[in-house]
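# Remarks on the overall topology
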Amino acid sequence: MKHEKNQAGEIVIENRFLKWLDNFWYHYKWPVIIVAFFLIVSLICFAQCATKNVGDVTLAYAGNYTMNEEERARVIEVFEAVAPEKTVDGKRQQTEVMLATFSVHPEEELRPKFTDAQGNVDLYALNSAKHLSNENLSNFGTYAMTGEAGVWLVSEYVFEQRNLGEVAVPLSELFEETPTGAYRDCAIRLGDTALYQYYDALKVLPADTLIVFPRSYVWGASSNEATYEEFKELYYAIVNFRAP
């Protein structure tokens, strides 16, 4: 800490840390805000996956849209509305659906967000956002391989980056005829389903979101034959939905 006298004889205390902090905030305010935003989103996603009660069936969304809590709740309501009922102690009950979410953005979508009107790119902020997006992509891959999520809703970017075609059930094994607009015989676009057209709540998700039904694993919820059949029933309920 340094003491200086001004001309009037008043002692001025200059705190070097506060001066450094003020300078740092001036130059790196937006990168800090952006990193904090993505970090909070990531923590919320993990909290949703780790702290909520386990539902009857779980879906996972990994794509370039980040739902707020209200949107997420409405999306879950849609899937619960179409999910086949379950039988408990001889009584029919609504199936409870859980939704794990992961925000993933390819670089070509992130770059414009950090480019000013003159075409200058804030590389520090861009690289920070890329790093956090890549972490979410990796986290989704790890979570998907646990076998806990019965249906995956993913962007084409996530599908290709995680090679989901290798673990997805081919549409030829699920349908007598491959649905129109199928993606690589492994996925159906959400926007091509009647469910997407009927329920406005789903339209917060991009129309090109892919619906993927994964193969069962030797661990996790999908390793249970009865549970895996419930996953399949939900998948069919989503892709075969017809408006009343």
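Notes on the structure in this doc start here. (Residues numbered from 1 in each chain as written. Predicted model: local features only at pLDDT ≥ 70, side-chain atom pairs only at ≥ 80, totals over all residues. Heavy atoms only, no water.)

## Let's talk about the sheet that holds strand β3 (residues 57–63)
Strand order in the open sheet made by the 5 strands is β6-β3-β7-β9-β8, with mixed pairing throughout. The open sheet has two free edges, formed respectively by β6 (97–103) and β8 (187–189), since each of these has just one partner strand. The average angle at which neighbouring strand axes cross in this sheet is 20 degrees, direction not considered. Here β3 pairs with strand β7 (residues 151–154) via 4 bridges, running parallel. Along β7, the bridge assignment pairs Ala-60 with Trp-152. Its contacts with the sheet place helix α2 (residues 69–82) against β3, β6 and β7, and it is angled at close to 135 degrees to β6. (Pairing = 2+ DSSP bridges. Helix = DSSP H or I, 4+ residues; strand = E, 2+ residues; numbered from the N terminus. Axes fitted to C-alpha atoms, helices over the stretch in contact; angles between N-to-C directions. Contact = heavy atoms within 4.5 Å.)

## Concerning the pattern of salt bridges
Oppositely charged side chains can pair when the atoms bearing their charge come close. According to the stated counting rule, one finds 6 salt bridges in the structure shown. One salt bridge connects Arg-111 with Glu-107, and the closest N-O pair in it is separated by 2.7 Å. By relative accessible area, Arg-111 is classed as partly exposed at 33%. Classification of Glu-107 as partly exposed rests on a relative accessible area of 30%. In this structure, Asp-200 engages Lys-203 in a salt bridge whose closest nitrogen and oxygen atoms are separated by 3.3 Å. Look at Asp-200 and you get exposed, because its relative accessible area is 55%. Accessibility expressed as a relative area gives 37% for Lys-203, which makes it partly exposed. Here the residues in one salt-bridge network are Glu-107, Arg-111 and Lys-130, joined through shared partners. (Salt bridge = Lys/Arg side-chain N within 4 Å of Asp/Glu carboxyl O. Buried < 20%, exposed > 50% of the residue type's maximum accessible area, 1.4 Å probe, protein only.)

## Considering the pairing of β3
Extensive coverage of β3 is indicated by the burial of 7 of its 7 residues. Neither face of β3 is open: one carries Val-57, Leu-59, Tyr-61 and Gly-63, the other Thr-58, Ala-60 and Ala-62, and all of them are buried. Sheet topology places β3 next to β6; 7 bridges connect them, and they run parallel. When the sheet's bridge partners are listed, Thr-58 is paired in β6 with Met-98.

## Topic: helix α4 (residues 123–144)
Structurally, the α-helix is built with 3.6 residues per turn, so residues lying three or four positions apart point the same way. Here α4 spans 31 Å end to end across 22 residues, near enough to the 32 Å set by a 1.5 Å rise per residue. Those residues of α4 not exposed but buried are Ala-125, Leu-126, Ser-128, Ala-129, Leu-132, Ser-133, Asn-136, Leu-137, Phe-140, Gly-141, Tyr-143 and Ala-144. (Expected span 1.5 Å × (residues − 1).)

## Overview of the packing of aromatic side chains
Enumeration over the complete set of coordinates arrives at 13 aromatic pairs. Ring geometry for Phe-102 and Tyr-143: centres 5.8 Å apart, planes at 40 degrees, overall tilted. Here Phe-102, found in strand β6, pairs with Tyr-143, found in helix α4; they are 41 residues apart in sequence, far enough to count as distant. An aromatic cluster of at least three residues, connected via ring pairs, comprises Phe-175, Phe-213, Tyr-228, Tyr-235 and Tyr-236. (Phe/Tyr/Trp six-rings, centres within 6.5 Å; stacked < 30°, edge-to-face > 60°.)

## Brief notes about the environment of Tyr-199
With respect to the helices and strands, Tyr-199 occurs in the loop between α6 (194–198) and β9 (210–212). Counting along the chain gives 125 residues from Tyr-199 to Arg-74, while the straight-line C-alpha distance between them is 9.8 Å. For Tyr-199, the residues in contact, after removing those within four places along its chain, are Val-78, Ala-81, Val-82 and Phe-241.

## What about the pairing of β7?
Here β7 shows no split at all, with Val-151 and Leu-153 on one side and Trp-152 and Val-154 on the other all buried. In the sheet, β7 pairs with β9 via 3 bridges, with the strands oriented antiparallel. Bridge pairing in β9 places Leu-153 opposite Ile-211.

## Here we look at the nonpolar core
Within the largest apolar cluster, 35 residues are counted, with the highest numbers of intra-cluster contacts made by Leu-59, Phe-79, Leu-195, Leu-202, Ile-211, Tyr-235 and Ile-238. Among the elements of the structure, β3, α2, β6, β7, α6 and α7 (225–239) are those that each provide at least two residues to this core. With 6 residues, the single largest contributor to this core is α7. For Phe-79, the contacting residues outside a window of four places in its chain are Leu-59, Val-97, Leu-153, Leu-195, Leu-202, Leu-234 and Ile-238. Residues Ala-60, Ala-144, Ala-149 and Val-154 belong to the second largest nonpolar core, which totals 22 residues. (Core = buried A, V, L, I, M, F, W, Y, C linked by side-chain atoms within 4.5 Å.)

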